[in-house]
Amino acid sequence: ELCPKTSPLLKGTITINLSGLTINETESTKKMSLYWLSVPLYRRPSDCKCRNKTAIIVPFRDREQHLSYFLYYLHRLLHRQQLCYVIFVVDQNDDKPFNRGRLSNVGFKYASNLSNFDCYIIHDVDMIAEDDRIMYTCNRQVVHYTFLLSKFNYNLVYHGYAGGGIGYTKEQFEKTNGFPNEYYGWGGEDDDINIRINEKGFGIYRSPEPFYRFTMIRHGRDSGNPPYVGRMERLGKARQRIDVDGLNSLVITNLKEVKHKTYTRIYITRSRSC
Ligand code: BGN
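In short, a report on the structure. (Residues numbered from 1 in each chain as written. Predicted model: local features only at pLDDT ≥ 70, side-chain atom pairs only at ≥ 80, totals over all residues. Heavy atoms only, no water.)

Considerations on the site of the ligand
Move 1: Phe152, Tyr158, Tyr161, Trp186, Gly187, Gly188, Asp190, Asp191, Arg231, Met232 and Leu235 make up every residue found near the ligand.
Move 2: Here aspartate 191 contributes a side-chain N or O atom positioned 2.6 Å from a nitrogen atom of the ligand.
Move 3: Against a free-state accessible area of 420 Å², the protein chains account for coverage of 75% of the ligand.
Move 4: Secondary-structure elements contributing two or more residues to the shell around the ligand are helix 6 (189-199) and helix 7 (231-236).
Move 5: For the shell around the ligand, the element with the most residues is helix 7, which contributes three residues.
Move 6: Classifying every residue of the shell around the ligand by side-chain character gives six nonpolar, two polar and three charged. (Near = heavy atom within 4 Å. Polar contact = N/O pair within 3.5 Å; in protein donor to acceptor, adjacent residues only side chain to side chain. Areas by Shrake-Rupley, 256 points an atom, 1.4 Å probe, with all protein chains shown as cover. Helix = DSSP H or I, 4+ residues; strand = E, 2+ residues; numbered from the N terminus. Nonpolar A, V, L, I, M, F, W, Y, C, P; charged D, E, K, R; others polar.)

Looking at helix 3 (residues 64-80)
Since the α-helix turns once every 3.6 residues, residues separated by three or four places project in the same direction.
Move 1: For helix 3, built from 17 residues, the straight-helix expectation of 24 Å at 1.5 Å per residue is met to within 8% by its first-to-last C-alpha distance of 25 Å.
Move 2: A positive phi of about 55° marks glutamine 82, the residue just after helix 3. (Expected span 1.5 Å × (residues − 1).)

Notes on the pairing of strand 7 (residues 165-168)
The two faces of the sheet receive side chains in turn, since in a regular strand these alternate between them.
Move 1: What you see with strand 7 is no split at all: Gly165 and Gly167 on one side and Ile166 and Tyr168 on the other are buried throughout.
Move 2: Where strand 3 (residues 119-123) and strand 7 come together, four bridges link them in antiparallel fashion. Counterpart to isoleucine 121 in the pairing with strand 7 is glycine 167.
Move 3: By the bridge criterion, two bridges tie strand 5 (residues 142-144) to strand 7 in an arrangement that is antiparallel. Note that in strand 7 the partner of valine 143 across the bridge is glycine 167. (Buried < 20%, exposed > 50% of the residue type's maximum accessible area, 1.4 Å probe, protein only. Pairing = 2+ DSSP bridges.)

Re the pairing of strand 1 (residues 53-60)
Move 1: Of all eight residues in strand 1, seven are buried; the element is thus mostly enclosed.
Move 2: In terms of strand pairing, strand 1 meets strand 2 (residues 84-92) through eight bridges, oriented parallel. Bridge assignment links lysine 53 to a residue of strand 2, and that residue is cysteine 84.
Move 3: In the classification by handedness, the crossover that spans strand 1, the intervening helix 3 and the parallel strand 2 is right-handed.
Move 4: Where strand 1 lies against strand 3, four bridges are found, and the strand directions are parallel. Across the sheet, the residue bridging to threonine 54 is cysteine 119, located in strand 3. (Right-handed = clockwise from strand over helix to strand, strands pointing away.)

Thoughts on the pattern of salt bridges
Pairs can form between side chains of opposite charge whenever their charged atoms are close.
Move 1: Scanning all chains against the criterion turns up 16 salt bridges.
Move 2: Between arginine 265 and glutamate 64 there is a salt bridge; the shortest N-O distance is 2.7 Å. With arginine 265 in strand 11 (residues 264-268) and glutamate 64 in helix 3, this residue pair connects regions lying 201 residues apart in the sequence.
Move 3: Note on arginine 265: relative accessible area 5%, which makes it buried. (Salt bridge = Lys/Arg side-chain N within 4 Å of Asp/Glu carboxyl O.)

A word on the packing of aromatic side chains
Move 1: Considering all chains together, one arrives at 16 aromatic pairs under this definition.
Move 2: Between phenylalanine 108 and phenylalanine 173, the aromatic rings sit 4.2 Å apart at their centres with planes inclined by 25°, giving stacked as the arrangement. Placement of the pair is phenylalanine 108 in helix 4 (residues 100-114) and phenylalanine 173 in helix 5 (residues 170-175), with a sequence separation of 65 residues. Here phenylalanine 108 and phenylalanine 173 have matching classes, each one buried.
Move 3: An aromatic cluster of at least three residues, connected via ring pairs, comprises Phe88, Phe108, Tyr110, Phe117, Tyr120, Tyr168, Phe173 and Phe179.
Move 4: Directly above the ring of tryptophan 186 sits arginine 221, whose terminal nitrogen or CZ lies 4.7 Å from the centroid.
Move 5: Over the ring of tyrosine 267 we find lysine 256, and its NZ or CZ is 5.0 Å from the ring centre. (Phe/Tyr/Trp six-rings, centres within 6.5 Å; stacked < 30°, edge-to-face > 60°. Lys NZ or Arg CZ within 6 Å of the ring centre and 35° of its normal.)

Focus on the sheet that holds strand 6 (residues 148-149)
Move 1: As summarised here, the arrangement of the three strands in space is 4-9-6, forming an open sheet in which the pairing is mixed. Whereas interior strands pair on both sides, the edge strands pair on one side only; in this sheet they are strand 4 (127-129) and strand 6.
Move 2: The sheet contact formed by strand 4 and strand 9 (residues 213-216) spans three bridges and is antiparallel. Paired with isoleucine 128 across the two strands is threonine 215, which belongs to strand 9.

So this is what it looks like as structure tokens:
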């Protein structure tokens, strides 16, 4: 039987306590009371057939403590939403500047190759939903979830901000050619996808509900993620680059997967220099 349109498990506001959680605690099934499918890592509600299958794709490097918090809260939320889902952590396993765009494309390719998901959500590891009614599902427009962030006093930081967490159907991701692969370091790749999404006619959906709030875990600037100096220039040419830099130009080499209890980790090393 199909799960109800609105899950009866939803509780609303989530109290977030960011202190001292370890990865072992996030994996404790006793604490989580989640249910397993025969396929490892693929979770589904126990007593009904889910309406949606969601892939969570987390571009990642060297933020283990954040990952503990992220998994702890997100598993509970997705369980309450009665979704079928898998969490993929895409780990940039080298010392080059962090490349969030490329990691996102790798995650999409890996996930879509594994199964047919209704929704592919690219999600930063340091953002935690404060309400379980923030639905991790997709829409006719590309969905931006993380527009009210604690860091920006719960205001949309600027018109066109598309950072943090954003959800695409397969068609939306493919037609917009995913993320640019050629932004090295912090900044701009999210502004670039905003241009892609609008140019290709999908548009971005942001819920009008006031409870769409996210806690951003405080942290200093990562040394491996310096601001990308060329981002302004690159962004200036974003329109011309939509169809040449993205999912269709992605070359994956040196991919290694490790299945953990509650998520799949994909290690990716860049072979050629940037
Ligand atoms: C913007 C960044 C985004 C970032 C937001 C929020 C750029 C491009 C040059 C204008 N964009 O300024 O990538 O998500 O701030 O921090 O730097």
